[in-house]
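Commentary on secondary and tertiary structure
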Amino acid sequence: MFAVGDKIVYPMHGAGIVQAIEQHDLAGETVDYLIMMMLLTDMRVMVPMKNVERVGLRHIIDKGQIPAIEETLRHPVEFNVRGITWNRRFNMYLDKMKSGSVLEVAEVIHILQTQENEKKLSTGERRLLATARQILVSEMMLVCDESQQDAEKWLDKFFN
């Protein structure tokens with residue numbers, strides 16, 4: 001489970017740190033909440049403890065998993081998106097990001113960044129790319145204990 005001070009990742013929001021576990025009254029019932037401060041947005045998020053698994057909250061990866069992420073950023077699993085409508089591609093990318101898997105987030109970044117470099121993305125896909133990058137960058141900041149700028153430089157080196 002989670003404790004105060006744990007470094008966590010909330011799919012679609014990125015990495016953060018558990019600040020507290022609080023009890024709040026909800027419709028006459030006492031509910032335990034995990035209180036997190038998200039790293040890049042300074043957003044405070046409250047998640048009922050009973051919903052932690054359902055929302056996909058997880059601990060950050062350890063440094064030993066970074067080579068797998070780097071490999072995915074260089075050479076992701078082949079994922080042919082040609083001929084698939086924009087809406088369907090968008091939903092496929094969104095599902096990958098919601099999975100909470102850092103490797104699937106890296107896959108989405110690779111696919112969208114490669115497309116952006118070859119031809120411009122739609123506004124929606126560009127926003128999705130920015131969100132995916134933010135999720136990965138925030139996790140790398142905590143995993144490697146580095147600044148946002150350094151984590152972004154690390155990610156950018158795969159696409160320049």
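Below is a summary of the structure that appears in this document. (Residues numbered from 1 in each chain as written. Predicted model: local features only at pLDDT ≥ 70, side-chain atom pairs only at ≥ 80, totals over all residues. Heavy atoms only, no water.)

**Description of the overall build of the protein chain**
Stated precisely, the cut-off is as follows: Think of it this way: any DSSP run of H or I at least four residues long counts as a helix, any run of E at least two long counts as a strand, and we number them from the N terminus. Throughout, exposure labels follow a simple rule: accessible area from a 1.4 Å probe, protein chains only, divided by the maximum for the residue type, with under 20% read as buried, over 50% as exposed, and the rest as partly exposed. Residue contacts are counted whenever heavy atoms from the two residues lie within 4.5 Å of one another. Here, Shrake-Rupley sampling with a 1.4 Å probe gives the accessible areas, and only protein chains in the shown set may cover a residue.
Looking only at helices and strands, one finds six helices and five strands in the protein chain. Counting only C-alpha atoms, the protein chain reaches 55 × 35 × 25 Å along its principal axes. A burial count over the protein chain gives 47% of its 160 residues as buried. Sequence separation of 24 or more characterises 52% of the internal contacts of the protein chain that already satisfy a separation of 6 or more. Taken as a whole, the protein chain presents about 8,900 Å² of accessible surface, with 49% of it coming from carbon and sulfur.

**Observations concerning the side chain of Glu125**
For Glu125, the position within the fold is in helix H5 (residues 123–144). Looking at Glu125, the relative accessible area reads 2%, which means it is buried. With near-sequence residues (within four places) excluded, Glu125 lies in contact with Trp86, Arg89, Phe90, Tyr93, Leu112 and Gln115.

**Let's talk about the pattern of salt bridges**
Formally: For salt bridges, the criterion is a side-chain nitrogen of Lys or Arg within 4 Å of an Asp or Glu carboxyl oxygen.
Under the counting rule described, the total for this entry stands at seven salt bridges. Notably, a salt bridge pairs Arg89 with Glu125, separated by 3.2 Å at the nearest N-O pair. Note that Arg89 is positioned in helix H3 (residues 86–98) and Glu125 in helix H5, a separation of 36 residues in sequence. Accessibility classification places Arg89 together with Glu125 in one group, the buried group. Ionic contacts of the salt-bridge type, sharing partners, join the residues Glu116, Lys120 and Arg126 into one network.

**Section: the sheet that holds strand S3 (residues 29–38)**
The line we're drawing: DSSP bridges decide pairing: two strands pair if at least two such bridges lie between them. Only the stretch in contact is used when fitting a helix axis, every axis being a line fitted to C-alpha atoms; angles between N-to-C directions are given from 0 to 180 degrees.
An order of S4-S3-S2-S1-S5 is seen for the five strands of this open sheet, with the pairing classed as antiparallel. Looking at strand neighbours, the two that pair on one side only are strand S4 (44–48) and strand S5 (58–59), the edges of this open sheet. Across 10 bridges, the pairing between strand S2 (residues 14–26) and S3 is antiparallel. Across the sheet, the residue bridging to Glu22 is Tyr33, located in S3. Against the sheet, H5 touches strand S1 (7–10), S2 and S5, its axis set at about 95° to S2.

Any functional reading would require information that these geometric values do not contain.
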